[in-house]
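Results of the structural survey
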Amino acid sequence: MTQPSPASSSSLTVQAAWRELAARFRLAGLPSPEVDARELLGLVTALDTTGLVIRAAQVLSAEQTRRLEALARRREARQPLQHLLGVVEWAGLNLHVSPDALIPRPETEVLLELALDAAKHLVGPRILDVGTGTGALALGLKQARPDAAVTASDVSAPALALATRNAALNGLAVSFVQADLLTGLRGPYDLLVSNPPYLPAADEPGAQPEVRFDPALALYSGPDGLDLARRLVNQASGVLAPGGVMLLELDPRNVGVLAAELMGAGWRVRVHSDLTGRARFLEGRLGV
Ligand code: GLN
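Cut-offs applied
Residue positions are given per chain, counted from 1 along the sequence in the order it is written. Note on the predicted model: pLDDT of at least 70 is required for a residue's local features to be given, and 80 or more for side-chain atom pairs to be given and counted; whole-chain, interface and lining totals, by contrast, use all residues. With hydrogens and water stripped out, all remaining heavy atoms of the structure feed into the side-chain values. Put simply, DSSP H or I for four residues or longer makes a helix, DSSP E for two residues or longer makes a strand, and each gets a number counted from the N terminus. Categorising residues by exposure relies on relative accessible area from a 1.4 Å probe, with only protein chains included: less than 20% of the type maximum marks a residue as buried, more than 50% marks it as exposed, and the intermediate range marks it as partly exposed. Residues count as neighbours in contact if any of their non-hydrogen atoms are within 4.5 Å of one another. In the sections that follow, a salt bridge refers to a side-chain nitrogen of Lys or Arg positioned within 4 Å of a carboxyl oxygen of Asp or Glu. For each structure, a 1 Å grid was placed over the protein atoms alone; sets of points admitting a 1.4 Å probe that cannot get out are labelled cavities, open sets with protein on both sides within 12 Å along at least five of seven lines are labelled pockets, and lining residues have an atom within 4 Å of a point. Grid points are joined across faces, edges and corners, and a volume is the space filled by probe spheres set on the points. Polar here means any residue other than Ala, Val, Leu, Ile, Met, Phe, Trp, Tyr, Cys and Pro, which are nonpolar, and Asp, Glu, Lys and Arg, which are charged; Gly is therefore polar. Put simply, a residue is near a molecule or strand once any heavy atom of it comes within 4 Å of that molecule or strand. Polar contact is the term for a pair of N or O atoms within 3.5 Å; when the atoms are in protein, one must be able to donate a hydrogen and the other to accept it, and sequence-neighboring residues count only if both atoms are side-chain atoms. Values of accessible area rely on a 1.4 Å probe in the Shrake-Rupley scheme; residue burial ignores everything except the protein chains shown. Note on terminology: a nonpolar core comprises buried Ala, Val, Leu, Ile, Met, Phe, Trp, Tyr and Cys residues joined through side-chain atoms within 4.5 Å. Throughout, the arc means that of the directions going from the helix axis to the C-beta atoms.

The next subject is the overall build of the chain. Within the chain, the secondary structure is distributed over 10 helices and nine strands. Each principal axis of the C-alpha distribution contributes one length, and for the chain these read about 85 × 40 × 30 Å. The proportion of buried residues among the 288 residues of the chain is 49%. When contacts within the chain are restricted to residue pairs at least 6 apart in sequence, long-range pairs at least 24 apart make up 65% of them.

Structure, rendered in structure tokens:
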């Protein structure tokens, strides 16, 4: 008797693979087993959801089965689905993602909207995105405002390489510069946006398993999460144009703390909520 070859053991239909994978992910305790199963099956078959339904009876090839198994194991080890897919859609952009930069979060689309609103009366605004990561904010701004001069900075060279790939992928012209916050940047900028690391360091041990695949550099920032944001706002007055605006994403636990500190330093401040109604975004303007 010969052992079944991998090919003969792979006579799974799309439908059976879908069902088995979702059940397996559910058992493994993944938060969205159906979505994960559908997306990974879509990746190996190059079919979208409609295609998967239409071809439910199609038999997976041995190669597809092998790839699906490898991906399933990585997902069970809690690698983020986005890292397995390699790209995410964010604010209408397709962005490459990797462990080199934070996976863009839905709440940051609200920061993009606030930034576009702040720039709506300006012609050819000069915009800086500090700590751009994948390039999401900078590219979202350039996409919506082709007249803007957008610069994106990051302290991490691998993150900048990823952001540069994303600019090319989306055909958007943004200037990239490696910098530690605003050190070495002169401006002036009409708008400064940033989604800095803002979580208290004590959050790290309790983070979701998937979040461990995001760079810690992009997430945690000292005891109250504000170490980097404080340094950034201290430098910001030196690069903002007269009447310039600063917009930051922060944590609901610390946005009020920094807002109070900025008011004490003479900034005019507004706090905006995210889609779940939690205070999250800080808008600051210098002077009267
Ligand atoms: N919102 C992110 C999270 O909860 C944190 C992003 C950040 O620190 N900039 O994982």
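What follows picks up the thread again.
Attention shifts here to the pattern of salt bridges. Scanning the model with the defined rule gives 21 salt bridges in all. When the shortest N-O distance is used, the salt bridge between arginine 105 and aspartate 214 registers 2.9 Å. Residue arginine 105 is located in the loop between β2 (93-96) and α6 (108-118), and its partner aspartate 214 is located in the loop between β6 (189-194) and α9 (227-236); the two are separated by 109 residues in the primary sequence. With its nearest N and O atoms 2.8 Å apart, the salt bridge here joins aspartate 251 to arginine 253. The class of aspartate 251 is buried, set by a relative accessible area of 6%.

Let's shift gears to the layout of surface pockets. Approximately 640 Å³ is the volume attributed to the largest pocket. Along the wall of the largest pocket there are 23 residues; nearest its centre are Pro80, Leu81, Gln82, Ile103 and Glu210. When contributions to the lining of the largest pocket are tallied by element, the ones reaching two or more residues are α2 (33-45), α5 (81-85) and β1 (87-90). Per element, the largest residue contribution to the lining of the largest pocket is four residues, and it comes from β1. Considered as a void within the structure, the second largest pocket measures approximately 520 Å³ in volume. Gly131, Asp154, Asn195, Pro197 and Ala218 are, among the 34 residues lining the second largest pocket, the residues nearest its centre. Broken down by class, the residue content of the lining of the second largest pocket amounts to 19 nonpolar, nine polar and six charged.

On to the site of the ligand, then. Neighbouring the ligand are Leu102, Arg105, Glu107, Asn195, Pro196, Pro197, Tyr198, Ala218 and Leu219. Measuring from a nitrogen atom of the ligand, one finds a backbone N or O atom of proline 196 at 2.7 Å. When the ligand sits alone it has 300 Å² of accessible area, and the protein chains cover 86% of it. For the shell around the ligand, the per-class residue count stands at six nonpolar, one polar and two charged.

All right, on to the nonpolar core then. Of all hydrophobic cores here, the largest spans 32 residues; its most connected members are Leu182, Leu192, Met246, Leu250, Leu258 and Leu282. Elements represented by at least two residues in this core include exactly β3 (126-130), β6, α9, β7 (240-249), α10 (255-264) and β8 (267-273). Discounting residues that sit within four places of it in the chain, leucine 258 has contacts with Leu226, Ala229, Arg230, Val233, Leu248, Leu250 and Leu282. The next biggest cluster of nonpolar side chains, apart from the first, holds 30 residues, and it includes Leu114, Leu172, Val174 and Leu191.

For α10, the full list of buried residues reads Val255, Leu258, Ala259 and Leu262. Each buried residue of α10 lies within a common arc of 105° when the element is viewed along its axis, so the set occupies one face. Lining the buried residues of α10 we find α9, β7, β8 and β9 (279-286). With its phi angle positive at about 95°, glycine 266 sits one or two positions after the end of α10.

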